[in-house]
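# Reading the structure
Residues per chain are reported as follows:
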Amino acid sequence: MLLALAALGPSQAGAQVYRCGSHSYSQVACTGGRPVGTKPHRVTDKSRPPPQDRAVAARRAPLSAEERRECRALDVRLRDEKRRLRAKGEAATLEDEMPLVHAQKRFRELKC
């Protein structure tokens, strides 16, 4: 097929090719034919990390609906508690850390 395209010359080398049967190709659209080589190029953003939500969904699948809701709430709570603790920096006390510790403990107990 490459030789056939090369023999067509530069003006026709970019022309559309159709597959008309199991081993026949044509430059003219044929009945039941489909264009060859028209799939769009797939671009992957390699700077973005892969999604991890499948592992979380699999881990939470055996939980009840109420426990899954609590896990989602704990996700937000843990993120907020960590952010609050980080904002306090070195001035954070044991009392400041306790809400985070309790949330982490409940997260482990639920096996979120």
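Described below are features of the structure shown in this document. It should be emphasised that the depicted structure is a prediction, and the values quoted were computed from it without experimental measurement.

## Here's the deal with the overall build of the chain
Tallying secondary structure elements over the chain gives four helices and three strands in all. Listed N to C, the secondary structure of the chain is α-β-β-β-α-α-α in terms of helices and strands. Among the 112 residues that make up the chain, the fraction classed as buried is 12%. Sequence-distant contacts, at least 24 apart, represent 29% of the contacts inside the chain between residues at least 6 apart. As presented, the chain carries roughly 9,300 Å² of accessible surface, and 56% of it is formed by carbon and sulfur atoms.

## Here we look at the side chain of E81
On the secondary structure map, E81 appears in helix α3 (residues 65-88). Given a relative accessible area of 14%, E81 falls into the buried group. Those residues within four positions of E81 in sequence are excluded, and the remaining contacts are P99 and L100.

## Quick word on the nonpolar core
Core analysis: the biggest nonpolar cluster contains nine residues, these being L63, C71, L74, L78, L85, L100, A103, L110 and C112. Looking at this core, the elements that each hand over two or more residues are α3 and α4 (94-110). The element contributing the most residues to this core is α3, with four residues. Excluding residues that lie within four positions of it along the chain, L100 makes contacts with L78, E81, K82 and L85.

## As for the state of the cysteines
For the structure on display, the rule yields two disulfides. Residue pairing for C20: its cysteine sulfur links by disulfide to C30, the two sulfurs lying 2.0 Å apart. Its torsion about the S-S bond being -110 degrees, the disulfide of C20 and C30 is classed as left-handed. On the criterion of sequence distance, the pair formed by C20 in the loop between β1 (18-19) and β2 (25-26) and C30 in the loop between β2 and β3 (34-35) is long-range, its members being 10 residues apart. Judged by its relative accessible area of 29%, C20 falls in the partly exposed class. Owing to a relative accessible area of 25%, C30 belongs among the partly exposed residues under this scheme.

## Side note on the pattern of salt bridges
Note on pairing: side chains with opposite charge can pair once their charged atoms come close. For the structure on display, the rule yields eight salt bridges. Note that E81 is salt-bridged to R84, the shortest N-O span being 2.6 Å. Of the two residues, E81 and R84 are both situated in helix α3; the distance of three residues between them amounts to about one turn of the helix. Among the ionic pairs, K105 bridges to E109, the shortest N-O distance being 3.9 Å. Here the residue K105 and the residue E109 both occupy positions in helix α4, the gap between them amounting to four residues, near one helical turn. The exposure class of K105 is partly exposed, given its relative accessible area of 45%. Salt bridges sharing partners connect three or more residues here, namely E70, K105, R106 and E109.

Procedures and definitions
- Residues numbered from 1 in each chain as written.
- Predicted model: local features only at pLDDT ≥ 70, side-chain atom pairs only at ≥ 80, totals over all residues.
- Heavy atoms only, no water.
- Helix = DSSP H or I, 4+ residues; strand = E, 2+ residues; numbered from the N terminus.
- Buried < 20%, exposed > 50% of the residue type's maximum accessible area, 1.4 Å probe, protein only.
- Contact = heavy atoms within 4.5 Å.
- Areas by Shrake-Rupley, 256 points an atom, 1.4 Å probe, with all protein chains shown as cover.
- Core = buried A, V, L, I, M, F, W, Y, C linked by side-chain atoms within 4.5 Å.
- Disulfide = S-S within 2.5 Å.
- Salt bridge = Lys/Arg side-chain N within 4 Å of Asp/Glu carboxyl O.

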